[in-house]
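# Structural description and commentary
Given next are the chains, with one letter for each unit.
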There are 2 protein chains.
Amino acid sequence: MAKTKIDSNVSIYPMPVVLAGAVVQGKANFLAIGWIARVNYQPPMVAMSLGKRHYTNSGIREHREFSVNFPGVTLLEKTDYCGLVSGREKDKSQLFTLFYGDLKQAPMIQECPLVFACKLVNIVELPSNDLFIGEIVEAYAEEACLTKGAPDIAKMDLFTLTMPDNNYWMIGGKAGKAWEAGRTLMW
Amino acid sequence: MAKTKIDSNVSIYPMPVVLAGAVVQGKANFLAIGWIARVNYQPPMVAMSLGKRHYTNSGIREHREFSVNFPGVTLLEKTDYCGLVSGREKDKSQLFTLFYGDLKQAPMIQECPLVFACKLVNIVELPSNDLFIGEIVEAYAEEACLTKGAPDIAKMDLFTLTMPDNNYWMIGGKAGKAWEAGRTLMW
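Notes on the structure in this doc start here. This one's a predicted model, so the numbers in the text were calculated from it and none came from an experiment. (Residues numbered from 1 in each chain as written. Chains lettered and ligands numbered in written order. Predicted model: local features only at pLDDT ≥ 70, side-chain atom pairs only at ≥ 80, totals over all residues. Heavy atoms only, no water.)

## Here we look at the relation of the copies chain B and chain A
Between the two copies of the chain lies a relationship made up of a rotation around an axis and a movement along it. The transform that puts chain B on chain A rotates by 180° and translates by 0.0 Å along the axis, for an RMSD of 0.0 Å. The symmetry that links the two subunits is that of a two-fold axis. Minimal C-alpha distance to the rotation axis in chain B is attained by B:G172, lying at 1.9 Å. The fraction of interface residues of chain B whose copies in chain A are also interface residues reaches 100%, indicating that both copies meet through the same surface. (Least-squares fit on C-alpha atoms with pLDDT ≥ 70 in both. Contact = heavy atoms within 4.5 Å.)

## Some thoughts on the interface of chain B and chain A
Contact residues are listed per partner, giving 102 residues for chain B and 102 residues for chain A. Between chain B and chain A, the buried area comes to about 9,100 Å², and carbon and sulfur atoms account for 66% of it. Among the residues chain B hides against chain A, the three largest losses belong to B:K3, B:Y13 and B:W179. Together they make up 9% of the total. Inspection of the chain B/chain A interface yields 4 salt bridges. One salt bridge in this structure joins A:K3 and B:E142, with 2.6 Å as the shortest N-O distance. Along the contact surface separating chain B from chain A lie 56 residue pairs in polar contact (both at pLDDT 80 or more). The element best represented in the side of chain B that touches chain A is strand β15 (residues 167-177) of chain B, accounting for 11 residues. Taken together, the residues of the side of chain B that touches chain A sort by class into 62 nonpolar, 22 polar and 18 charged. Inspection of the sheet shows strand β1 (residues 3-6) of chain A paired to strand β11 (residues 129-142) of chain B by 4 bridges, in the antiparallel sense. (Buried area = accessible area lost by both parts, 1.4 Å probe. Salt bridge = Lys/Arg side-chain N within 4 Å of Asp/Glu carboxyl O. Polar contact = N/O pair within 3.5 Å; in protein donor to acceptor, adjacent residues only side chain to side chain. Helix = DSSP H or I, 4+ residues; strand = E, 2+ residues; numbered from the N terminus. Nonpolar A, V, L, I, M, F, W, Y, C, P; charged D, E, K, R; others polar. Pairing = 2+ DSSP bridges.)

## Points about the pairing of strand β6 (residues 45-51) of chain B
Residues and elements named next belong to chain B. Most of β6 sits out of view: 7 of its 7 residues are buried. Of the two faces of β6, the one holding M45, A47, S49 and G51 and the one holding V46, M48 and L50 are both buried throughout. Between the antiparallel neighbours strand β5 (residues 36-40) and β6 lie 4 residues. Here 7 bridges tie β6 to β11, and the two strands are oriented antiparallel to one another. (Buried < 20%, exposed > 50% of the residue type's maximum accessible area, 1.4 Å probe, protein only.)

## So, the packing of aromatic side chains
Residues and elements named next belong to chain B. With the rule as written, the count across this model stands at 10 aromatic pairs over all chains. On the basis of an interplanar angle of 80° and a centroid distance of 5.6 Å, the ring pair of F30 and F96 is categorised as edge-to-face. In this pair, F30 is assigned in strand β4 (residues 27-33) and F96 in the loop between α2 (76-84) and β8 (98-99), connecting sequence segments 66 residues apart. Residues F30 and F96 agree in their burial class; the two are buried. Taken together, a centroid distance of 6.1 Å and an interplanar angle of 50° make the contact between F70 and F116 tilted. Placement of F70 in strand β7 (residues 65-70) and of F116 in strand β10 (residues 114-125) is noted, with a sequence separation of 46 residues between them. (Phe/Tyr/Trp six-rings, centres within 6.5 Å; stacked < 30°, edge-to-face > 60°.)

In structure tokens, the structure reads:
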């Protein structure tokens, strides 16, 4: 295979697409992000990175709570809108039907098949981004999207993101079983 | 929609699948991980979370360098194997053809369509995991997998991961244009 050196500002392929929710200036606000990953197993924690200029950051700092909402493809336009328009300019609190669990500053989106709410644990200050680390304290899923009590991606119609080409993609067919397919190589 | 409260140890859907590479005890070693995201725009940084018990962690701590390798589906079994078997028990340095760029302790996999090498910037100590934050200092891609000089997911045959069902999935068809589809809602 022939390798070429490319720009080091390289993306992760593919990225999940979520709506990060927080209460900013008294109103629920949502930002579309792809820079998110689980980071601790027990207690369950997630980290998400937001550019420092974003409006959402101040709400997370103030209330130390945020939500993570996984939109299905029927919400693609609204999700993309939440990445195009800042809460500084437009009120996004009416875009979705909201509900709250135990964390009253972590607005969750009823139309999303999977949502969870986090307590802020730590903020890692990076040069251009704030990395918010939160403990997942409650999670809710659409009943119809569960298999054996856990979310089933085949039922959620989620989509993924790639950059810098800026495309959303559906999830494809099954490619194999994890922690199993490699057993054929154990010798 | 009818929401049900589920176990808060909830996953991100879907997760990318990469092989994290490091030199441990003088040998290249690779671990399959899905807990990875970009975290800083400029300079480009990535964060990846590894359970503290993993063999790879000590190599990253010692040399302060690591690689991130995106396997195509033809490497699915080998990738899964790298998640099943610890470098403590099996030498994984011969599984792939390796090459090195400027960072001599960041082994990259020739068979992967996209790879990059990182200098360690910070380790965030979490209760059960080490969160390694690295600056991406060099990236290489297969020439045949580029479109306009950037990696093209439609050409790379990557796969994704879901847990706790432990399935790998292909990437599906295009679902829309990011930073564009939501313009219809701008009023």
